[in-house]
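Below, each chain spelled out in residue letters.
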Amino acid sequence: MPRSARRPVSPAAGSAPSVLEPRIWQGVLYQPCQGGAPAVRQLFHFAGAFAPDLEPSEIAWEARAGDRVVGGVLCERRGAHGFIHGPVVVDPPAGAEPIEVAAQLVSPLVDSARALPLDSLFTRPQGLDRVWVRLGFVPMPEAFLPAALRGRPGSGLHVWRRPGTYAVPVPDPEGEGRRRGRR
């Protein structure tokens, strides 16, 4: 096999569109939010969930049943990394499972990460391990969270990495003030 055939294709060559199309599944409309996602932020407030400060580069999706917002998810971006907040699902219509509504909200964020220059997406598990694993997220220790994304509420950490960016930086214990092997 020629060497050029073994090289990975650059993300730009096969990238998905940066704005994903709205879609309907089980009677729920899933669409990207515009202008700071006020309805999603209101839903986060109603559910008592943390919502990050409004950023122009954030990605947000909402789930609508008729004229009601029944779910939402926010993703703050810091360089090549993103942190997913939510999903929050409140009172989906009959026949729509809340965990499936959550999965349908997170899926376009992963697709957006593939289309944008995001190498990794981090999130708190929130009991949705089934959703995260299905979408390619794996558990990761807190020590590997980039400094710009530390301090978010919650416990546990899952990460999705863009294929080909699997190198995991090892924290330097000397840089944290610990001494190893010295007396």
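The preceding data block contains the structure.
Remember, predicted model here, so these are calculated numbers, not experimental data.

Draft legend 1. Inspection of the side chain of S120 at higher detail. Among the structural elements, S120 can be located in strand β6 (residues 120–123). Within polar-contact distance, the side chain of S120 engages the side chain of H81 at 2.5 Å. Contact partners of S120, with chain neighbours within four places excluded, come to A80, H81, G82, V159, W160 and R161.

Draft legend 2. The pattern of salt bridges, seen in detail. A full pass over the atoms with the stated rule returns 9 salt bridges. For R114, the salt bridge is made with D111, and the minimal N-O distance between the two is 3.1 Å. Of the two residues, R114 and D111 both sit in helix α3 (residues 98–115), 3 residues apart, roughly one turn of that helix. Take D111: its relative accessible area is 28%, and that puts it in the partly exposed class. Taking the shortest distance from any N to any O, the salt bridge between E142 and R124 comes out at 2.3 Å. Linking E142 in the loop between β7 (138–139) and β8 (158–161) with R124 in the loop between β6 and α4 (129–134), this pair joins segments that are 18 residues apart in sequence. A relative accessible area of 6% means that R124 is categorised as buried.

Draft legend 3. Region of the structure containing the pairing of strand β4 (residues 68–78). Most of β4 sits inside the fold, with 8 of its 11 residues counted as buried. Hairpin connection between strand β3 (residues 59–65) and β4: a loop of 2 residues separates the two successive antiparallel strands, and G66 in this loop has a positive phi of roughly 70°. Where β4 lies against strand β5 (residues 81–89), 7 bridges are found, and the strand directions are antiparallel. Looking at β5, one finds that G72 is bridged to V88. Connecting β4 to the next strand, β5, in antiparallel fashion are 2 residues, including G79 with a positive phi near 65°.

Draft legend 4. How the structure looks around helix α2 (residues 38–47). Buried within α2 are the following residues: V40, R41, L43 and F44. Along the axis of α2, the buried positions cluster into a sector of 155°, meaning they face one direction only. Turned more than 90 degrees away from the buried face of α2 sit P38, Q42, H45 and F46, all of them exposed. Contacts from the buried residues of α2 go to β3, β4 and β5. Looking one or two residues beyond α2, the residue adopting positive phi is G48, at roughly 75°.

About the cut-offs
- Residues numbered from 1 in each chain as written.
- Predicted model: local features only at pLDDT ≥ 70, side-chain atom pairs only at ≥ 80, totals over all residues.
- Heavy atoms only, no water.
- Helix = DSSP H or I, 4+ residues; strand = E, 2+ residues; numbered from the N terminus.
- Polar contact = N/O pair within 3.5 Å; in protein donor to acceptor, adjacent residues only side chain to side chain.
- Contact = heavy atoms within 4.5 Å.
- Salt bridge = Lys/Arg side-chain N within 4 Å of Asp/Glu carboxyl O.
- Buried < 20%, exposed > 50% of the residue type's maximum accessible area, 1.4 Å probe, protein only.
- Pairing = 2+ DSSP bridges.
- Arc of directions from axis to C-beta.

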